[in-house]
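Structural overview for review
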Amino acid sequence: MRFKLTAIPTTALATTALAATTLASAIGVAGMAQNRPQEVNVYSGRHYNTDKQLYAEFTRRTGIKVNLLEGKDDELIQRLKSEGSKSKADLLVLVDAARLYRAQKANLFRSISSPELNKDVPANLRDPGGRWYALTRRARPVMVNTAMVNPKSIRTYADLAKPEFKGKLCLRSRASVYSQSLVADELVRRGATATRQWVRGVVANMKEPFFTSDTTMVRAVGQGQCGASIANQYYLARLLSGDNTADRATAKKVRVVWPNPTHVNVTAGGVTRSSRNPEAARRLLEFLASPTSGEGYAAANNEYPLKGWGNNPTLKAFGTFKASTVSMEQLGQRNREAVQLMTEAGWE
Amino acid sequence: MTPSTTQDAISHGTVRSSSRTGLLVGVLVACGLALLPLLTLLKDALIGGGNGPLQLGFDGANQVRGTLLLVGGEGLLGAILGTAIGWLTAVCRFPGRRWLRMAQLVPMAFPAYLLAASLVDWGSHRGMRIHGLGWAIVLLTLANYSYVFLLSTESFSVSGRRLLEASRSLGVGPWSSFFRVALPIALPSIGAGVALSAMEVVNELGAVRLLGVPSLSAGILDRWQVDGDPQGAALLSLVALGIVAVLIATERLLRQRSRRWNLEGSRGGGHVWPLTGWRSALAQLLCALPPLGAVAIPVLWIQEGWQGLEAESIAELGQLASRSLGLALLATAVTCLAALLLAISRRWSPQPLVRQLSFLAGLGYAIPGSVLALGLIILGGPLGFSPVLLLLWGYGDRFIAVSKQGLDAALERIPPSIDETATSLGCDWLGVLRRIHLPLLRGPLLVGSLLVFVDVVKELPITLALRPFDFDTLAVRVFQYASDERVGAAMAPALLIMVFGLIASFALIPTLEERD
């Protein structure tokens, strides 16, 4: 085995140089992340480039710099728990009520009082104790292929358990928090017995194995592999307004049916208990929840603003719905029971 | 040197014990660093809350079953594919052999989660459902068989050629030569490759989740993070550790049974078995299919979704890429140094403790990255460690086995008589390392470094959990976009990961060429 030895010093040199650059930039970043009054550190479960434009706008208006760490919601909660009082995070932004509840139970938020937030965020979309405030809304309607399913045959989620949908239904897996919160919503509104029966019924109506993503499931509805499914509205909106012509054509075959009431969930933020700069964090939260920037935060992901239906033409075409009045806190409280019930009924 | 001290040296006893103390201390430090996060976790899990009896439950049993099926399926398929291609391209002669040999490095550039995400998305456009255990085994084999190929082909071409020529001159045919001569010699390397790839499978998260296969890695994470049940997570981690320990032990056993020392390194001399006609075509097909498959999946996906490509600014991409690259280079240096230390210490120290410790140090590979990361956060948080330092610690802990497996296998092939001769001539361990082991280990060391480099560029959970503010890497960005189901946005960073992987893989070509 003989190697060209001359290559080694060059490689070593390049390695050291690059490594040094990375380290230097990392130390620079770590230095910046230290709390000075004009900075706010955000842990966010959202990953949209347009969010960064909003944060930049906030900085322009207030002079407060926003440092961002995006991750998966559960991971961020766990990270914050492990970091404890030493955490540098000031604001925690999470998607879905179940996660908000988990973070709240782990005592990660602090109560804040803000007349502005109370004005901008409806009461059922914020924690009564002021620990977190919703920033956007998303709905989980039924989506049908009209060639296979008559949209008029569905008035509530309960209808999907009827025998006429046997072999037509497609569902997202139990691991998805969206499925869990939907079942929790049913639990709060209809009680354990009716919900258990309903879950057994929809599982019996399944056509395909449980889906691990909403996008592929919505496509399957458009392609006629599934007659009906339950998915968040923004997945269909994304396909409809995206640049992919084939996707647009498939998505056009999907009809949104709004059950009465429709399950609604939120993206929300709260100031962390460990925050060393709660004032700046509160101001950022107020900025994000305000009607003007809130609209932008929602638009990034084809979501609904906190009040009304917004100006997104794709969403407007879906029509309006009557939202479930179950509070986010109730959804969180019943999450574990929902998962248990789904497991027992064979919802994989 | 008196005969008695020579005897001491032969038994790797106390000669120059002072210099070996340094080695021992180094080993203890490396092992300590590797084991500390795991012990912290275990302590935290068992003492820190949780209640009720430990039980797997319905989901737990399903997850154990899923992981075992994945490991078994991928291990078997990967062993067959990797060994067959390793043999064909090392000792047989057929048109295109050289190119096809190099092409085997291509699949290493593609992380399994990327293959799965692109295939699922591509299939979904065509009304094809890519889902379940079968697909998971195929995709994981595609992403990981190169480990078996690299280690087995190295063994076939370095150690066996002269023996093969001898067996051929005695009238033994190619199949018997393979089964009776080459395979037994290569078994430790094949075992090491299979063990490595199986450990990747135990730890795989993104692909199996996407394909809807229950697995221990997902179960550990969910129990820990979603159910808030660290005890349950620790229990599942122990099962995962058990599976990996069995894998490593099997590989050790195979290696001991087939221990042979060989330094011949016969070069040149042409290939032993020329293939013609349909045999040659079959060999070409077998060697071409896996790399073609690995390339075709993302290429088809990109071609399909090109319209939806959301371009990130070049400056942003540059930053992501330089972070990925810098981290990977640093981590590779740290990891390979530690692996070398552990590997040679096993050779020098007769103490069973050192052997066991160095064995345990490799177990970090079995712990899901995110669990390892939590151990590091618990450990490093209160001490105020820099996140980048923790990241490097995590990478080292996770990938030390990747580098060490190959080194161990290569060291086994160096006859101890050489060390003994050198020691009797007055060399201490450092001298033997510098003048004998390092030159002989340069190949495996390079292979190990490149494997670690590619692994770190693709690495996700540790980076995700430990990186500081505003410090995303390519893999992190791809994962975030992909988990938001925004394929177009994930495309540009995914392409860059593949490019880095390909460059690193091609850097391995000279190693393969050397063996020709």
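Residues numbered from 1 in each chain as written. Chains lettered and ligands numbered in written order. Predicted model: local features only at pLDDT ≥ 70, side-chain atom pairs only at ≥ 80, totals over all residues.

A word on the domain arrangement of chain B. Residues and elements named next belong to chain B. Considered domain by domain, chain B is made up of domain 1 (1-49 + 309-516) and domain 2 (51-291). Taken together, the 46 residues of domain 1 in the interface contact 45 residues of domain 2. Secondary-structure elements contributing two or more residues to the side of domain 1 that touches domain 2 are α2 (17-47), α15 (369-383), α16 (387-413), α18 (429-458), α20 (474-483), α21 (487-507) and α22 (509-514). For the side of domain 1 that touches domain 2, the leading source of residues is α21, giving eight residues. A per-class count over the side of domain 1 that touches domain 2 returns 32 nonpolar, nine polar and five charged. (Domains from an automatic or database assignment. Contact = placed C-beta atoms within 7 Å. Helix = DSSP H or I, 4+ residues; strand = E, 2+ residues; numbered from the N terminus. Nonpolar A, V, L, I, M, F, W, Y, C, P; charged D, E, K, R; others polar.)

Further remarks concern the pairing of strand β1 (residues 39-44) of chain A. Residues and elements named next belong to chain A. Counted residue by residue, β1 has six buried out of six residues, so it is predominantly covered. Because side chains alternate across β1, one face comprises the buried residues E39, N41 and Y43, and the other comprises V40, V42 and S44, equally buried. Of the pairings in the sheet, the one linking β1 to strand β2 (residues 65-70) comprises six bridges and is parallel in character. Bridge pairing in β2 places N41 opposite N67. As a crossover connection, the stretch from β1 through helix α2 (residues 49-62) into β2 is right-handed. In terms of strand pairing, β1 meets strand β3 (residues 91-95) through three bridges, oriented parallel. Each residue of the ladder has a partner; that of Y43, found in β3, is L92. (Buried ≥ 20, exposed ≤ 12 C-beta atoms within 10 Å, placed from the backbone. Pairing = 2+ DSSP bridges. Right-handed = clockwise from strand over helix to strand, strands pointing away.)

Turning next to helix α8 (residues 174-203) of chain B. Taking 1.5 Å per residue as the helical rise, α8 of chain B with its 30 residues ought to reach 44 Å, whereas the 37 Å between its terminal C-alpha atoms falls clearly short. Of all the bends in α8 of chain B, the largest measures some 55° and sits at L183 of chain B, one to four residues before the proline P184 of chain B. (Expected span 1.5 Å × (residues − 1). Bend = angle between axes of the 7 residues up to and from the residue.)

With that settled, consider unusual backbone geometry. Of note, the amide linkage connecting N260 of chain A to P261 of chain A takes the cis form, showing an omega dihedral of 0°. You can see P261 of chain A is positioned in the loop between β8 (254-257) and β9 (264-271). Phi angles above zero are rare outside glycine, and D470 of chain B is one such case at about 50°. Relative to the elements of secondary structure, D470 of chain B occurs in the loop between α19 (461-466) and α20.

Moving on, we get to the domain arrangement of chain A. Residue and element names in this part refer to chain A. In terms of domains, chain A is made up of domain 1 (37-137 + 265-299) and domain 2 (139-264 + 310-344). The C-alpha centroid of domain 2 is placed 28 Å from the C-alpha centroid of domain 1. Counting only elements with at least two residues in the side of domain 1 that touches domain 2, the list comes to α4 (97-105), β9 and α11 (291-299). Tallying contributions element by element places α4 first for the side of domain 1 that touches domain 2, with five residues. Taken together, the residues of the side of domain 1 that touches domain 2 break down into eight nonpolar, two polar and five charged.

To continue, consider the interface of chain A and chain B. Counting from both sides, the interface comprises 48 residues of chain A and, opposite them, 51 residues of chain B. When residues in the side of chain A that touches chain B are grouped by element, the largest group, 10 residues, is from helix α1 (residues 7-33) of chain A. Residues belonging to the side of chain A that touches chain B are distributed by class as follows: 16 nonpolar, 20 polar and 12 charged.

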